[in-house]
Amino acid sequence: MASPSKIRQRKQMGPPPRAESYDRDDEDHVDVVYRNPHTRSAFEQALDTPQASAAVVGVLTAVAFMLRFYKINQPDQVVFDEVHFGKFASYYTLRQYYFDVHPPFAKLLFGLAGWFVGFDGNFSFENIGDSYTENHVPYVGMRALPAILSSLTVPVVYAIMKETGYSTIVAAFSACIILFDNAHIAQSRLILLDATLLFFMSLTIYSYVRFRKLRYWEFSVEWWSWLIATGFFMACTWGSKVNGILTVFTIGIAVLIDLWGILDYRRGTTMEYFWKHFAARAIGLIVIPFIIYLSFFYVHFTVLIYSGPGDTFMSPAFQETLIGNDMLVNSQDLHYYDVITMKHKDTKVFLHSHPDKYPLQYDDGRISTQGQQVTGYGHEDTNNHWQIIPTKALPEAGRGRAVHHEDVIQLLHLTTQTLLLTHDVASPLMPTNQEFTTWSKDDHSRHNDTLFSLHLVDGNPGDVWKSKSSHFRLVHVPTRVSMWTHTKQLPEWGFKQQEINGNKNPADKTAAWFVDEIIESDSEVEFFKENNVPREPKKMSFFKKFVELQLLMLQHNAGLTASHPYASGPINWPFLLNGISFWTENDTQKQIYLIGNIVGWWSCVVAISIYVGIVIADLLARQRGLYPIPDAVRNRLWNSGGFFLLVWAVHYLPFFLMGRQLFIHHYLPSHLASAMLAGSVLSFVLSDSINYPISVSGRMTKMQPTQYADLGVKGPALVGIFAVAMFAMFVYIAPLSYGTPGLDGESVDSKRLLTSWTLHFAAKVSSDVV
């Protein structure tokens, strides 16, 4: 770090230079040495040769592969979320449709890996602990995919640090934090998505750094190549896991800062020049990534053509595009006088009625009409049978007897021969909603109150009401309320069944129902059913499928709010206060507990704190006219270190705003960024200078004097000690990461470095009784 004697006075600003010669970031090129003000140690010079750098990255990569593939066949059982992502690979093999909150790219890769190693898809990954060996599942080949990607992430981190101008020893320092981290290793040895996410996230950062280094060769082939590569890898990150969208936001913020600088008139740039850059980035970082992201879903829909467990999440129109789907096979047109059963779309209870009446007085003192009860019932029963009654003249035969969208109908309860009715009377459990009851079919005094308008969800005039496939809302004609139910049960007088009432928002999405079965039909049996002829799947445009699935993914991801014993808050993650129990085996006392390497994680927390402190101190000093940090060193600290801090913050801070279940593995992208920021801080602390300039010079770039970072002997010594400490800690808690060997109670207690770690098989605390 610069000494106080190096404090300089503020330079006088001259007129704005021309764009062609203006040194925008004080980082131009590295090819030609003009001046070397510091004599570097021989050890530093030796390490920064291409041969030494290749040797270092080769060793790092080889060790990464060894650590991640060590005993990858253990345990030979389903572990943690392999019950989900292994199952999804099975569905790709069987081509059965499934639903998940994450985009499909990483899961498609698992499906491809499974196909490549001969997985037939017949193992269902139902429960944690199910045996792979007994069921002949080629699970090692499927686990090898994330292990390979995680191993390759280590050299990519090294390359990012080298490309941003740091010395070999600093790049190795950042790579070691990822190399020896127990959390990264434990995640990467299982059929999980995080290794794929981290690999493509690191490639996105690497590509963007390479793109920025070519800013003086703008619009060249190489410039375009790295811009498009950034967009491609960004789309892969986004397509791997739902929180990959944070990488998109990170690059978006960095690009906006870049464009803001280009817009500065002091650079002598024109608006035409600015719009050219804007258009190029829009193409490379918006249009192309979005097309690639779309392509993942196109392949997803193309592969999954058969009915599967994900059908029920989708709309009827979507479901009828799947071969063998129940709606496609059994859906029939509904006709007047058909006897049907109806189910609520969300709660799956039947529309039900029975002769029992509402009580004269409710618990809150309100008086009821003592009408016949209409409830939601969860089981098949003859009291679920309703007949569709027309309110208009019908032809003798033909399509005119079918029920259509927006027809006004009556529903006759067959057992009691009463018509469904609602009126402006408060319901039993919700005084703001209307009571549903029935009325004798022979008493026409309340005819209007028995009229309901049939509204098919997404229906158009002339659409026919169908069983199974038509979701509908039943809207009362006089009062415009929708028939609705909720999960709260009625008291004993209602037999603990669900309340049916009138929702005053007639378009409420939760007021949707469907016809489950046609008990009796006034029409002839359909030709297809009678002759057992399979129906052709219906067509639905790709973009309609894509939009529907995206909305469902967002909705269900936000809905993951149930409690979980290993869920944790974001404030705990950087300090490793909580982990996740992935797997246990009682007989051998083996377990896999996801937790990071405490040496590396706490070092990253310290580095972040130091960086923020340095930046604040620098800003305060400059506010007082003091310049303690040389410009080149300061620019590197702000540009490279600031970019790493941006990556860390964007991948971390949004989780504080989320209400869904959160786990420590959500912090892994931020941990990767903090490892690179730690390298930036280490370089700043140990060296007064930097490797500078690093960007590729343009034809008319204003050249700057060249200098090199010099960490001396203290840099390699400190990094060597740190790597040994990281490795020692990794080995110490490795039994929790690999799930082998089994540990006795005392050994488990010794591995619990923090009392908040909830490990299994710990020794029981006992006290002597006096």
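Every value quoted in this text rests on a predicted model; they were computed, and no experiment measured them. (Residues numbered from 1 in each chain as written. Predicted model: local features only at pLDDT ≥ 70, side-chain atom pairs only at ≥ 80, totals over all residues. Heavy atoms only, no water.)

1. Comments concerning the overall build of the chain
Next, step 1: Within the chain, the regular secondary structure consists of 21 helices and 14 strands.
Next, step 2: Seen along its three principal axes, the alpha-carbon backbone of the chain occupies a region of about 105 × 85 × 60 Å.
Next, step 3: Residues classed as buried in the chain amount to 55% of the 770 residues present.
Next, step 4: A separation of at least 24 residues holds for 75% of the contacts in the chain among residues at least 6 apart in sequence.
Next, step 5: When the accessible surface of the chain is summed, it comes to about 34,000 Å², and 60% of that surface belongs to carbon and sulfur atoms.
Next, step 6: Positive and negative charge centroids in the chain, built from 61 and 68 side chains respectively, lie 11 Å apart. (Helix = DSSP H or I, 4+ residues; strand = E, 2+ residues; numbered from the N terminus. Buried < 20%, exposed > 50% of the residue type's maximum accessible area, 1.4 Å probe, protein only. Contact = heavy atoms within 4.5 Å. Areas by Shrake-Rupley, 256 points an atom, 1.4 Å probe, with all protein chains shown as cover. Lys, Arg positive; Asp, Glu negative; His and termini not counted. Charge placed at Lys NZ, Arg CZ, Asp CG, Glu CD.)

2. Let's talk about the packing of aromatic side chains
Next, step 1: Scanning the model with the defined rule gives 55 aromatic pairs in all.
Next, step 2: For the pair Phe727 and Phe730, a centre-to-centre distance of 6.2 Å together with 35° between the ring planes defines the contact as tilted. Here Phe727 pairs with Phe730, and both are found in helix 19 (residues 714-732), just three residues apart, close to one helical turn.
Next, step 3: Here Phe727 falls in the partly exposed class, since its relative accessible area comes to 39%.
Next, step 4: A residue is classified by how much of its surface remains accessible, and Phe730, at 4% relative accessible area, is buried.
Next, step 5: Following the ring pairs from residue to residue traces out a cluster consisting of Tyr97, Trp238, Phe290, Tyr293, Phe297, Tyr298, Phe301, Phe318, Phe542, Phe543 and Phe546.
Next, step 6: For Lys545, the ring lying beneath its charged end belongs to Phe301, and the centroid distance is 5.5 Å. (Phe/Tyr/Trp six-rings, centres within 6.5 Å; stacked < 30°, edge-to-face > 60°. Lys NZ or Arg CZ within 6 Å of the ring centre and 35° of its normal.)

3. With respect to the pairing of strand 9 (residues 471-476)
The two faces of the sheet receive side chains in turn, since in a regular strand these alternate between them.
Next, step 1: Counted residue by residue, strand 9 has six buried out of six residues, so it is predominantly covered.
Next, step 2: Bridging between strand 8 (residues 452-456) and strand 9 involves five bridges; their strand directions are antiparallel. From the neighbouring strand, His455 faces strand 9, where its bridge partner is Arg473.
Next, step 3: Pairing of strand 9 with strand 12 (residues 513-520) involves two bridges; the strand directions are antiparallel. Its bridge partner lying in strand 12, His471 is registered against Phe514. (Pairing = 2+ DSSP bridges.)

4. Comments concerning the confidence of the model for the chain
Next, step 1: The predicted model of the chain averages 89 in pLDDT, with 91% of residues at 70 or higher.
Next, step 2: The low-confidence segment residues 1-38 (pLDDT under 50) makes 96 contacts with residues lying over four places distant or belonging to another chain. (pLDDT = per-residue confidence, 0-100.)

5. Looking at the side chain of His665
Next, step 1: As for its position among the elements, His665 is in the loop between helix 17 (631-650) and helix 18 (668-686).
Next, step 2: Note on His665: relative accessible area 7%, which makes it buried.
Next, step 3: Not counting residues up to four positions away in its chain, the partners in contact with His665 are Gln187, Asp194, Lys241, Ile580 and Leu594.

6. Quick word on a nonpolar patch on the surface
Next, step 1: Taken together, the side chains of Trp260, Leu263, Met271, Trp275 and Phe278 make up a nonpolar region of the molecular surface, amounting to roughly 580 Å² of accessible area.
Next, step 2: Secondary-structure assignment places Leu263 in the loop between helix 10 (245-262) and helix 11 (271-303).
Next, step 3: We classify Leu263 as partly exposed; its relative accessible area is 33%. (Patch = residues over 30% accessible without salt bridge, like charges linked within 9 Å, V, L, I, M, F, W, Y side chains within 5 Å. Salt bridge = Lys/Arg side-chain N within 4 Å of Asp/Glu carboxyl O.)

7. Considering the nonpolar core
Next, step 1: With 166 residues, the main nonpolar core has Phe582 and Phe643 as its most contacted residues.
Next, step 2: With 11 residues, helix 18 is the largest single contributor of residues to this core.
Next, step 3: Setting aside its immediate chain neighbours within four residues, Phe582 contacts Val79, Phe80, Ile128, Gln187, Leu190, Leu192, Ile592 and Leu594. (Core = buried A, V, L, I, M, F, W, Y, C linked by side-chain atoms within 4.5 Å.)

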